[in-house]
Amino acid sequence: YNPLLQKNTQTTKRSRLFASVQTGGGELSVQEGPQEHDAQEMENEEEAVEEEKLTSVTFSITRDTEFGQHLSILGSHPVLGEWSVADSVPMDWVKDNRWEVTIQLPQFELVEYKYIVRCGWNHDGPAIWQGGPNCMMATNQSTALSVSDSWVFSDWPETHPVITATSAAVAIYAQEHPKPRYSPPKDQAYIPAWAKEAVFYQIFPLGFVGAPSVN
């Protein structure tokens, strides 16, 4: 056992031992030479994790709405709000009665989702759920996908084989292919100071886009 070869754990720099033989007396001397690596760089080298690849998924659906209503999408994945109406993803009105939104989902995911019609923006406000079974999609290794769905009005019984099979498939996939919980990137939108205390309002003429024609 040579104490000179013991690793010094109290320093933030790694040391390298150099051995040299003096040609005259044949003596072995050992000296330390610093190798410039700070603690943070060491952690990055030892704990480097490959960044999770994402799939850009564009969801589209047609559904007539009334004044004050808008469509949202929600589902089993954290990006889709985990079935919480308050955390559902609002969709953009495109044309006529078509709504669309693009969401970033991790690759090799199997998720359930559904569309809802929300009335206003209150978190506790009413919502009209799409009927039928939950929709299901797999991202696989794709970098971009486009999904076009149809609104189902009728309610299906929970015992319907399609409904039970969809939920079972997602549960089995999660069991056989476990992954760390995905945390959606935080909203980096900048809100100027003047806007935080401002009051915004919009005036709609009577009868505008289906609005009431009388007060």
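Before reading on, note that the structure itself is shown above.
What you see is a predicted model; the values in this text were computed from it and never measured.

Participant: Looking at this structure, how should I read the overall build of the protein?
Facilitator: Looking only at helices and strands, one finds three helices and eleven strands in the protein. Counted from the first residue to the last, the protein has its helices and strands arranged as β-β-α-β-β-β-β-β-β-β-β-β-α-α. Here the protein holds 215 residues, and 27% of them are scored as buried. Taking all contacts inside the protein whose residues are at least 6 apart in sequence as the whole, residues at least 24 apart take part in 64%. For the protein, the computed accessible surface area is about 15,500 Å², with 53% contributed by carbon and sulfur atoms.

Participant: Before we go on, may I ask you to explain the side chain of Thr 166 in this structure?
Facilitator: Turning to its location among the elements, Thr 166 is positioned in helix α2 (residues 161–176). Those residues in contact with Thr 166, other than ones at most four positions away along the chain, are Glu 112, Asn 134 and Met 136.

Participant: What's the story with unusual backbone geometry in this structure? I'm lost.
Facilitator: Keep in mind that most residues, glycine aside, have a negative phi and that most peptide bonds are trans. Notably, Glu 82 is not glycine yet its phi reads approximately 50 degrees, a positive angle. Within the secondary structure, Glu 82 is located in the loop between β4 (69–75) and β5 (89–90). Relative accessible area serves as the criterion here: at 39%, Glu 82 is assigned to the partly exposed category. Not every positive phi belongs to a glycine, and Trp 83 is a case in point at roughly 70 degrees.

Participant: I keep staring at the pairing of strand β10 (residues 135–138) and nothing clicks. Help me out?
Facilitator: Two faces make up the sheet, and in a regular strand the side chains alternate between them. Of the two faces of β10, only one is covered, namely that formed by Cys 135 and Met 137; the face formed by Met 136 and Ala 138 stays uncovered. In terms of strand pairing, strand β8 (residues 110–119) meets β10 through four bridges, oriented antiparallel. When the bridges of β10 are listed, Leu 110 appears paired with Ala 138.

Reading the values: rules and limits
- Residues numbered from 1 in each chain as written.
- Predicted model: local features only at pLDDT ≥ 70, side-chain atom pairs only at ≥ 80, totals over all residues.
- Heavy atoms only, no water.
- Helix = DSSP H or I, 4+ residues; strand = E, 2+ residues; numbered from the N terminus.
- Buried < 20%, exposed > 50% of the residue type's maximum accessible area, 1.4 Å probe, protein only.
- Contact = heavy atoms within 4.5 Å.
- Areas by Shrake-Rupley, 256 points an atom, 1.4 Å probe, with all protein chains shown as cover.
- Pairing = 2+ DSSP bridges.

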